[in-house]
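# Coordinate analysis (summary)
Below, each chain spelled out in residue letters.
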Amino acid sequence: MSALTSAQASKEHGASILVTSLASFFGVVLIQATAFLVDIFGDSDLDGAAVNALYSVALVFIGLALYVAAVVTSNTFATIVAGRTRTIALLRLLGARSRDLRRSVAREGLVVGLFGGAVGMVLGVGASHLARAVAVSAGQLPDVQYTTVQPVVLLPVVIVVLTTTVASYVGSRKVLDVTPVQATGGAVDTGVEAPRSRRIRTALSIVLIAGGVALLGLGVLIGMVNPGGVLVAFLGGVASFTGIMVGAYRILPATLKLVGRLSGRGPAARLASANAIRYPDRSTRTAVGLLIGVTLVTTFAVAMYSYRSMLVNEYDEATVGQVLTVTVGIMTGLIGFSAVIAAVGMVNNLLLSILQRTREIGLLRALGFTRKQIRAMIVSESTQMVVASMGFGLILGIVYGWAAAQSLLGSLDSRGLTAPTLPWAVIAGTVLCGGLLALGASLTPARRANQISPVLALADA
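Residues numbered from 1 in each chain as written. Predicted model: local features only at pLDDT ≥ 70, side-chain atom pairs only at ≥ 80, totals over all residues. Heavy atoms only, no water.

## Observations concerning the confidence of the model for the chain
Residues at a pLDDT of 70 or more form 72% of the chain, whose mean pLDDT is 76. The low-confidence segment residues 1-7 (pLDDT under 50) makes 8 contacts with residues lying over four places distant or belonging to another chain. Note that residues 186-191 has pLDDT below 50 and, in this model, 17 contacts with residues that lie over four places away or in other chains. (pLDDT = per-residue confidence, 0-100. Contact = heavy atoms within 4.5 Å.)

## Things to note about the side chain of Gln384
Tracing the backbone shows Gln384 in helix H14 (residues 371-409). Not counting the four nearest positions on each side in its chain, Gln384 is found in contact with Leu256, Val259, Gly260, Ser263, Ala269, Ala272 and Ser273. (Helix = DSSP H or I, 4+ residues; strand = E, 2+ residues; numbered from the N terminus.)

## Regarding a nonpolar patch on the surface
Taken together, Leu90, Leu93 and Leu94 make up a surface patch of nonpolar side chains, about 320 Å² in accessible area. Its place among the elements puts Leu90 in helix H4 (residues 85-93). We classify Leu90 as partly exposed; its relative accessible area is 38%. (Patch = residues over 30% accessible without salt bridge, like charges linked within 9 Å, V, L, I, M, F, W, Y side chains within 5 Å. Areas by Shrake-Rupley, 256 points an atom, 1.4 Å probe, with all protein chains shown as cover. Salt bridge = Lys/Arg side-chain N within 4 Å of Asp/Glu carboxyl O. Buried < 20%, exposed > 50% of the residue type's maximum accessible area, 1.4 Å probe, protein only.)

## Describing H4
Listed in full, the buried residues belonging to H4 are Thr85, Ile88, Ala89 and Leu91. End-on view of H4: buried residues confined to an arc of 160°, all on one side of the axis. Immediately downstream of H4, the backbone of Gly95 shows phi near 110°, a positive value. (Arc of directions from axis to C-beta.)

## What to know about the pattern of salt bridges
Evaluated as defined, the whole model comprises 2 salt bridges. Close ionic contact of Arg97 with Asp100 constitutes a salt bridge, the shortest N to O distance being 3.0 Å. Accessibility expressed as a relative area gives 23% for Asp100, which makes it partly exposed. Here Arg103 makes a salt bridge to Asp100, at a shortest N to O gap of 2.4 Å. Pair noted here: Arg103 and Asp100 are both in helix H5 (residues 98-137), with a separation of 3 residues, about one helical turn. Residue Arg103 is classed as partly exposed on the basis of its relative accessible area of 39%. It is possible to trace a salt-bridge network through shared partners that takes in Arg97, Asp100 and Arg103.

Right, dumping it as C-alpha cells:
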C-alpha cells in the first residue's frame, strides 16, 4: 500500500513542503527578531506597555503564520485525497481499511512537517542574522551583543510538525467516504456531503463567527486600557475567520455566483460560474488560499500603517524609529509570506483540480468545445475566484487590521478610538497582483487541460 502511494506523494507534496518550510522559516525569524529587540531595548526608556506590545505582536504573528499554514495544508491534502479516490477505492477493494489509509495520509503529513520544519529552521536562523548584520552595517540597528540562537526557535518548528500532521488528518477525512465500488469509476470529486454534516458545519460556522466578532469587540475595549487586549482580539479574529473557513462552502460559492453573473454570458464563462456552484467544496478549496492571503495582506497593511500613526502620535519619532524599523520589517515579511502562500495554494489546487477533471474536460471536448473555449473556461474560473476572494478579503482585512491596531495601542493613543489608516498603495498593488495571479494561475492548468484527449479521457473514466 505504501509503495503504491509513495510515488504519488512525492509529486503531490511539493506545495505542502513549501508551505511548511515558509511557516517554520517565518516563525524562527520572528523569534530571533524578538530576541534582537530584547537585546536592543532591554535597558531603554520605553515604558512597560510598549515592551508588552512588542511581545504581544510576536505572539500574534507566530500564531497567524502557523494558522495560515495549517489551513492551506489541510485544503491541499483534501484536494490530493479527492484526486486519489480511484486508487484509494482499489486499495479498499483489495482489503485495506479506510482508517488505515487515513492514518497513512497523516503519516505523509508528519514527514512533510518534519522536513519542512527543519529546512525552515536552518534558513530562518541564517536569514535573521544576515538581515541583522545588514541592518547594523547600514546604521538602522545599533551595534550591540545579539543573541546567537534563541532556544525558543524550536517552538515554531514543533508546532509546524504538529499542525501539519493534524491538518493532513483533517484534510483526509473524505477517505472514510470512499467505497470499493468506486475503483471501477473515475476519480470525481462531487462535493456532495451528508445533510446532517452540512447542518453541523453551518451551525458551527455561525457560532464561531458570532463569538469571534464579540471577542474582537471585547479586545478593542480592553485595548483602551491595556495592550494585552490584542491577544483577546487575536482570539476573536482566529475564531471568526475559522468560522468563515468552516462555512466557506456556503459563503464562497455564493460570492462566486454573484461575480459569475458579471463575467459575461458566453458558454465558457457560464460553465465556469456553474462549476463553482455544482462543486462547492472544490471551488472553495481552490479559492480559500487567495482569500487567506488577501485578508492577511490587507490586515497587516492596515495594522502597520495604523500602528505607525498611533505610535508617532504619542512618542518622539526618533525614539520609536528602531521599533518601527523592526516591526514594519516583520509585518512586511508576513505580507510576503501571505502572498506566496496565496499563490502556491491557488495554483496548486487549481492544477490538481484539472488533473482530477479529466473525464469532465474530455466530455466537453467530445461535445464540441474547442481548445480555445476550454482555455477560456479555465481562465474565467481563475478570474472569478480571484475577484471574489479579493473583494471579500479586502473587507475582512480592513476590519481585522483596524481591530488589531486599536486593541494593541489604544491604551497608548490619547485620541481613543481612531479610524483605520488605509494603505491605498498597498491595496492598489494587491489588486494588480491579483489580476496577474488570475492570469498566471490559469496558464499551466489551461495548458494541461488542452492536452487531454477526449477519446482517452472517456475511455479511462
